[in-house]
Amino acid sequence: MFSRGYNTIGRISSFEQDNQSFIFNCGERRIKIHFLTDKMFRLSMHHHNLSEEHSCAIVQKEWGNIEPHLEDVEDLFLLKTRALRLAINKDPFRLVVRDLNGRAILEDTEPAGVHWRGNRVISAKKMPSDEHYYGFGEKTGGLDKRGCHYVMRTRDSIFYQGKTDPLYTAIPFFVGVRRGQGYGIFLDNNWETFFDMGKKSNNIFFFGVTGGELNYYFFYGPDIKEVINQYTELTGKIPLPPVWSLGYHQSRWSYKSDEEVMRITDELKRYEIPCDAISLDIDYMDGFRVFTWDKRRFPDPRGLVETCRKMGFRLCAIIDPGVKVDENYDIFREGIENDYFIKRQDGTLFYGYVWPGKTVFPDFTREDVQKWWGNHVKTFQKDSGVSGIWNDMNEPSYNIKYPLRQVNVNGLIFHDNGLNTPFEKNRNVFGFLMARATYEGLLEGEPDKRHFILTRSGYAGIQKYAAVWTGDNTSSWEHLALSIPMLLNLGVSGVPFVGADIGGFAPWITSPRKLFMKLNRELIARWIQLGSFYPFARNHTIKFSKPQEPWQFDHKVLEISKKYLKLRYRWMPYLYNLFVECAHNGCPPMRALILEFPNDERCHRVDHQFMWGEFILISPVIKKRASVQDIYLPKGKWFDFHTGELYVGETTINKPITLDDIPIFIKAGAIIPCQPEMQFFKEKELNPLIIEVYPASGISSAIVFQEDDGETLDYRQGHYCTTRFELIFDKELQFTIYPREGSFEPKPRDLLLQFKHVSRPKRIGMNSLEMKENLLLESGSWKYQEASMLLEIKMKDDGVRKTLLIEF
């Protein structure tokens with residue numbers, strides 16, 4: 001495959017060992033294998049020397065000491081750790097990674113796995129017939145990427161469709177899964193990189209770079225979640241988001257005046273639609289100058305922000321990287337005076353043409369430029385009071401104002417840690433570095449506060465700084481369906497706080513005879529039902545399109561929207577705790593079925609269902625006028641959320657559906673923390689704390705529920721509390737509430753336990769004392785509803801241990 005024009009790595013002429021690093025000399029090329037842990041190593045290939053390029057993705061560089069052992073065995077070197085066996089063929093260099101049982105996990109092609117031609121370097125691997133591939137960041141297509149070819153190069157991708165590649169983000173990481181066991185590869189290289197997962201050959205996959213060094217990290221699970229955990233240890237875990245940012249966001253390009261913003265907030269209140277945030281697109285600015293406000297249409301930004309805040313709404317404002325060329329504009333003048341903008345090799349400024357017209361762009365590869373930009377973000381936030389910053393056009397997009405004008409990016413020079421490298425090396429990290437500058441600026445301004453940043457572009461590790469949405473999608477059934485595997489693979493790629501524009505951003509251009517497919521009531525209803533389970537849930541659309549706020553269609557759509565957004569808000573404590581889990585282990589809230597059921601081969605083929613954590617299965621409707629939905633239920637017992645019917649898993653069911661609902665199934669044993677009905681974060685006190693329980697005989701489960709203030713970083717100093725809830729259902733049901741632990745103290749409240757789909761109890765005891773039935777459900781009593789088979793038990797939530805025994 002690589003014979004024409006490619007060189008192949010030669011034989012090993014000598015080797016060196018430096019603690020946990022092993023260096024193999026192969027002529028002019030040197031390959032270094034450095035062990036970070038017993039399950040993780042880095043392989044890099046260098047020309048002549050071992051100088052290493054800077055990585056902005058890596059946060060954890062010190063991993064502690066391990067003791068890998070090397071054996072020189074005739075034509076092989078054997079490297080051993082407590083989890084891996086690496087066999088390295090000497091002539092030519094060829095790597096095989098095995099587990100302790102001798103099973104090949106990753107194997108170079110024969111005779112060698114490394115090839116190069118000029119600056120293009122490729123690593124080729126054998127591809128087992130039953131191996132599947134996930135991740136690769138923001139990519140179109142199905143969930144399993146076997147048979148696909150992808151390029152990592154950030155670019156503005158307006159009106160992208162089902163086979164468009166590349167898109168806005170570049171995350172060169174994937175997880176390989178075979179027979180339920182997983183490994184990961186992270187190709188840490190800023191240049192354009194590429195991955196061919198069997199498109200050109202059905203028994204070989206390969207990945208490579210177009211510049212810089214071949215530098216990849218290998219992670220071994222074998223559990224898939226453990227691979228993601230290791231990768232996010234390396235590139236950074238998410239900080240806990242402010243809880244309000246997990247609510248519903250209403251947006252449009254654009255709400256053009258403070259009067260229009262207030263009209264939107266009034267309508268949200270009038271129709272009782274749960275919502276926490278309103279987003280302001282580019283038209284709030286003065287001539288599209290970043291960090292400014294149009295004083296005619298927004299005469300009092302802080303007053304608007306405060307008014308909205310009193311109503312329960314946070315305002316988020318867009319900020320683009322393009323700076324308008326205007327001698328009277330302070331941001332432009334400062335950048336010129338301090339030489340902050342990107343230049344060409346001849347020293348002249350690089351000009352693009354974006355919304356303000358002629359624009360220049362900060363060189364975010366310079367730390368002083370990041371600091372300067374972050375200071376302006378900090379000041380903008382402080383002066384206006386906005387709660388969130390939305391970074392857009394940061395691939396960067398440099399030619400959208402006048403699309404017929406040619407903008408040449410050849411010969412651009414970025415500082416890049418003093419290396420003065422071209423645009424091709426730095427474009428993939430431009431948006432990432434802008435997000436970092438934004439995050440650090442906001443954190444400096446309010447160091448005790450959690451900050452919400454949304455970005456369109458990013459690189460590996462972007463989860464440390466920002467949420468990501470999938471850019472300019474279209475109002476089509478194809479894009480509704482496409483959003484699911486896109487978001488699931490972003491989650492596998494370490495980016496958990498993700499979403500797509502609910503309803504679609506742009507009209508769908510279909511054909512000359514039918515130019516536009518307008519968003520209709522069925523499509524928006526189905527999209528809101530799905531979008532209510534996106535980790536980042538925002539309704540957003542382009543200007544000149546039909547408004548798509550929930551009340552813009554008919555009463556039916558409005559009621560569906562309210563129903564599903566209210567369900568999201570009811571389950572908000574559960575969703576927040578999925579983010580708590582993610583902050584610990586990197587596992588995303590919105591999960592491909594293979595994360596929860598790795599040994600089920602049928603889950604590899606499920607593109608359009610997903611898990612919300614461990615317990616909730618969502619099966620969105622993705623087809624127009626669908627009346628029946630085929631749903632695959634994995635191993636376990638599953639309750640139909642809407643009817644209570646119980647199913648045994650590892651089967652496909654045909655479910656009749658109407659427009660009112662999408663299929664939702666709750667795994668038996670589920671313990672789901674809930675809150676009373678609220679229109680926005682902290683509309684009222686969390687009283688009672690509601691715990692939904694879905695018991696089934698023979699099934700035990702437990703959760704640890706965390707609470708904190710939801711807004712500050714005090715949790716990092718341990719200011720939170722946890723409560724463990726445990727369910728055991730054998731001959732009788734035992735439910736244990738363990739003592740609350742931690743320094744955070746919720747306000748006095750009741751605890752309401754709701755046992756779903758159970759028969760009437762014969763007896764209920766709490767801490768050996770019998771509880772009485774009470775139709776008024778006062779504290780210390782229980783109530784049973786025959787029609788819904790719902791058992792409710794109410795008690796004081798005082799943080800002490802309680803054990804319930806329920807006889808049926």
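See the structure printed just above.
Enquirer: Teacher, can you tell me more about the overall build of the chain here?
Expert: Secondary structure summary: the chain contains 11 helices and 57 strands in total. Over its C-alpha trace the chain gives a radius of gyration of 27 Å, about what one expects of a compact globule, namely 28 Å for 808 residues. Dimensions of the chain, computed from C-alpha atoms along their principal axes, come out at roughly 85 × 70 × 60 Å. Across the 808 residues in the chain, those meeting the buried criterion constitute 65%. A separation of at least 24 residues holds for 68% of the contacts in the chain among residues at least 6 apart in sequence. Taking the average place of the 104 positive charges on the side chains of the chain and the average place of its 105 negative ones, the gap between the two points comes to 4 Å.

Enquirer: Is there a simple way to think about the nonpolar core in this case?
Expert: In a soluble, globular protein the nonpolar side chains are often hidden away together inside. Grouped together as the largest cluster of nonpolar side chains are 219 residues, with contacts concentrated most on Phe-186, Trp-373, Phe-735 and Ile-793. Considering each element in turn, this core owes the most residues, 10 residues, to helix H6 (residues 423-445). Look past the residues within four positions of Trp-373 in its chain and what remains in contact with it is Val-290, Phe-291, Ile-319, Asp-320, Pro-321, Val-323, Pro-362, Phe-364, Met-434, Ala-437 and Thr-438. Residues Val-97, Tyr-133, Phe-195 and Tyr-216 belong to the second largest nonpolar core, which totals 46 residues.

Enquirer: Where do I start with the sheet that holds strand S5 (residues 40-47) in this structure?
Expert: Strand pairing in a sheet relies on backbone hydrogen bonds. The paired strands run either parallel or antiparallel. Taken in spatial order, the 8 strands line up as S2-S3-S4-S5-S19-S16-S15-S13 in an open sheet, and their pairing is antiparallel. Each end of this open sheet is capped by a strand with a single partner; those strands are strand S2 (14-18) and strand S13 (131-135). When strand polarity is set aside, the average angle formed by the axes of neighbouring strands in this sheet is 20°. Relative to the sheet, helix H1 (residues 224-235) contacts strand S4 (29-37), S5, strand S15 (173-178), strand S16 (181-187) and strand S19 (214-220), its axis offset from that of S19 by approximately 135°. Helix-sheet contacts for helix H7 (residues 477-492) involve S13 and S15, and the interaxial angle to S13 is about 90°.

Enquirer: How should the sheet that holds strand S21 (residues 277-280) be read in this particular structure?
Expert: Spatial strand order, S32-S31-S30-S27-S22-S21-S20-S36-S33: 9 strands in an open sheet with parallel pairing. The outermost strands of the open sheet, each flanked by one partner alone, are strand S32 (498-499) and strand S33 (501-502). In terms of strand pairing, strand S22 (residues 314-319) meets strand S27 (residues 388-391) through 4 bridges, oriented parallel. Bridge pairing in S27 places Ile-318 opposite Trp-390.

Enquirer: Could you clarify how one ought to interpret the pattern of salt bridges in this entry?
Expert: All chains considered together, the criterion is met by 61 salt bridges. Salt-bridge contacts for Arg-179 lead to Asp-130; the nearest nitrogen and oxygen are separated by 3.0 Å. Of this pair, Arg-179 sits in the loop between S15 and S16 while Asp-130 sits in the loop between strand S12 (120-126) and S13, and the two are 49 residues apart along the sequence. In this structure, Glu-650 engages Arg-602 in a salt bridge whose closest nitrogen and oxygen atoms are separated by 4.0 Å. Taken together, the residues Glu-650 in the loop between strand S42 (646-648) and strand S43 (651-656) and Arg-602 in the loop between helix H11 (593-596) and strand S38 (610-612) connect sequence positions 48 residues apart. Overall, the relative accessible area of 41% leaves Glu-650 in the partly exposed class. Using a relative accessible area of 34% as the deciding quantity, one classes Arg-602 as partly exposed.

Enquirer: Which parts of the structure should I look at to understand the environment of Leu-442?
Expert: Mapping Leu-442 onto the fold places it in helix H6. Considered as a pair, Leu-442 and Ser-532 are 90 residues apart in the sequence and their alpha carbons are 28 Å apart. Discounting chain neighbours no more than four positions away, the residues touching Leu-442 are Val-377, Gln-381, Ile-389, His-451 and Ile-453.

Enquirer: Hey, could you run me through the packing of helix H9 (residues 555-570) against helix H10 (residues 572-585) in this one?
Expert: Relative orientation and spacing of two packed helices are given, respectively, by the angle between their axes and the distance between those axes. Running from amino to carboxyl end, H9 crosses H10 at an angle of 60°, the nearest separation of the two axes being 5 Å. As judged from the angle between their axes, H9 and H10 are oblique. Together, Arg-568, Tyr-569 and Arg-570 of H9 and Met-572, Pro-573 and Leu-575 of H10 make up the contact between the two elements. The residue makeup of the contact of H9 with H10, split by class, is 4 nonpolar, no polar and 2 charged.

Enquirer: How do you make sense of a positive patch on the surface when you look at a structure like this?
Expert: A cluster of basic residues, Arg-4, Arg-117, Arg-120 and Lys-200, forms a positive patch at the surface. Looking at where Lys-200 falls in the secondary structure, it is placed in the loop between strand S17 (193-196) and strand S18 (204-209). Note on Lys-200: relative accessible area 60%, which makes it exposed.

Enquirer: Explain the pairing of S4 here, please?
Expert: Of all the 9 residues making up S4, 8 are buried; the element is thus mostly covered by neighbouring parts of the structure. Once strand S3 (residues 21-26) ends, the chain turns through 2 residues before running back antiparallel as S4, passing Gly-27 with a positive phi of about 65°. Where S4 meets S5, 8 bridges bridge the pair, whose relative direction is antiparallel. Residue pairing across strands places Phe-35 opposite Phe-41, the latter belonging to S5. Counting the residues in the hairpin turn of S4 and S5 gives 2 residues.

Enquirer: Explanation requested: the packing of aromatic side chains in the structure shown.
Expert: For any pair of aromatic rings, geometry is given as the distance between the ring centres together with the angle between the planes. According to the stated counting rule, one finds 64 aromatic pairs in the structure shown. With centroids separated by 6.5 Å and ring planes inclined at 70°, the aromatic side chains of Phe-194 and Phe-206 adopt a geometry described as edge-to-face. Residue Phe-194 is found in strand S17, and its partner Phe-206 is found in strand S18; the two are separated by 12 residues along the sequence. Accessibility classification places Phe-194 together with Phe-206 in one group, the buried group.

Enquirer: Please explain the environment of Asn-189 as it appears in this structure.
Expert: On the secondary structure map, Asn-189 appears in the loop between S16 and S17. In this structure the C-alpha to C-alpha distance between Asn-189 and Leu-214, which are 25 residues apart in sequence, comes to 7.5 Å. Sequence-distant contacts of Asn-189, that is, excluding residues within four places in its chain, are made with Val-209, Gly-211, Gly-212, Glu-213 and Tyr-459. Here Trp-191 takes part through its backbone nitrogen, which lies 2.8 Å from a polar atom of the side chain of Asn-189.

Conventions and cut-offs
- Residues numbered from 1 in each chain as written.
- Predicted model: local features only at pLDDT ≥ 70, side-chain atom pairs only at ≥ 80, totals over all residues.
- Heavy atoms only, no water.
- Helix = DSSP H or I, 4+ residues; strand = E, 2+ residues; numbered from the N terminus.
- Rg over C-alpha atoms; globule rule 2.2 N^0.38 Å.
- Buried < 20%, exposed > 50% of the residue type's maximum accessible area, 1.4 Å probe, protein only.
- Contact = heavy atoms within 4.5 Å.
- Lys, Arg positive; Asp, Glu negative; His and termini not counted.
- Charge placed at Lys NZ, Arg CZ, Asp CG, Glu CD.
- Core = buried A, V, L, I, M, F, W, Y, C linked by side-chain atoms within 4.5 Å.
- Pairing = 2+ DSSP bridges.
- Axes fitted to C-alpha atoms, helices over the stretch in contact; angles between N-to-C directions.
- Salt bridge = Lys/Arg side-chain N within 4 Å of Asp/Glu carboxyl O.
- Parallel < 35°, antiparallel > 145°, perpendicular 65-115°, else oblique.
- Nonpolar A, V, L, I, M, F, W, Y, C, P; charged D, E, K, R; others polar.
- Patch = residues over 30% accessible without salt bridge, like charges linked within 9 Å, V, L, I, M, F, W, Y side chains within 5 Å.
- Areas by Shrake-Rupley, 256 points an atom, 1.4 Å probe, with all protein chains shown as cover.
- Phe/Tyr/Trp six-rings, centres within 6.5 Å; stacked < 30°, edge-to-face > 60°.
- Polar contact = N/O pair within 3.5 Å; in protein donor to acceptor, adjacent residues only side chain to side chain.

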